[in-house]
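Notes for the structure review
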Amino acid sequence: MITRIQRRYVAVVESLVRQEFGEQPFGRSVDAHDLAYLLVRISESFTYADLINGDRPSAERARAAFELVLRP
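Here's a quick rundown of the structure.

Thresholds, definitions, all that
Residues numbered from 1 in each chain as written. Predicted model: local features only at pLDDT ≥ 70, side-chain atom pairs only at ≥ 80, totals over all residues. Heavy atoms only, no water. Helix = DSSP H or I, 4+ residues; strand = E, 2+ residues; numbered from the N terminus. Buried < 20%, exposed > 50% of the residue type's maximum accessible area, 1.4 Å probe, protein only. Contact = heavy atoms within 4.5 Å. Areas by Shrake-Rupley, 256 points an atom, 1.4 Å probe, with all protein chains shown as cover. Lys, Arg positive; Asp, Glu negative; His and termini not counted. Charge placed at Lys NZ, Arg CZ, Asp CG, Glu CD. Salt bridge = Lys/Arg side-chain N within 4 Å of Asp/Glu carboxyl O.

As a further point, take the overall build of the protein. In terms of helices and strands, the protein carries four helices and zero strands. The N-to-C order of helical and strand elements in the protein reads α-α-α-α. C-alpha extents for the protein along the principal axes are approximately 35 × 30 × 20 Å. Looking at the protein residue by residue over its 72 residues, the buried ones come to 26%. Sequence separation of at least 24 residues holds for 40% of the intrachain contacts in the protein that already meet a minimum separation of 6. Of the roughly 5400 Å² that the protein leaves accessible, carbon and sulfur atoms contribute 56%. Across the protein, the mean location of the 10 positive side-chain charges is 3 Å away from that of the 10 negative side-chain charges.

Set out below in structure tokens:
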């Protein structure tokens, strides 16, 4: 279930994705909304890692994952 907060977070990221990459990022079948949702989920995975699987939250690991996903 997607929460209101998550919906707003995805909307903000989607706006940034559209500004930076356009509606079809990298010319692939994933649209701006889907890429934004993926980035939000990656962010949540590393932000709440302690609650999800007992790992330490890590902005550095999230950044590395973003770089892999956003590599053209």
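Inspection of the entire model under this criterion finds five salt bridges. Arginine 18 is paired through a salt bridge with glutamate 14; the nearest N and O atoms lie 2.6 Å apart. With arginine 18 and glutamate 14 both in helix H1 (residues 4–21), this residue pair falls four residues apart, about one helical turn. A relative accessible area of 37% places arginine 18 in the partly exposed class. Of the charged contacts, one joins glutamate 44 and arginine 41 as a salt bridge, the two residues approaching to 3.1 Å between their closest N and O atoms. Placement of both glutamate 44 and arginine 41 in helix H2 (residues 32–47) is noted, with a separation of three residues, approximately one turn of the helix.

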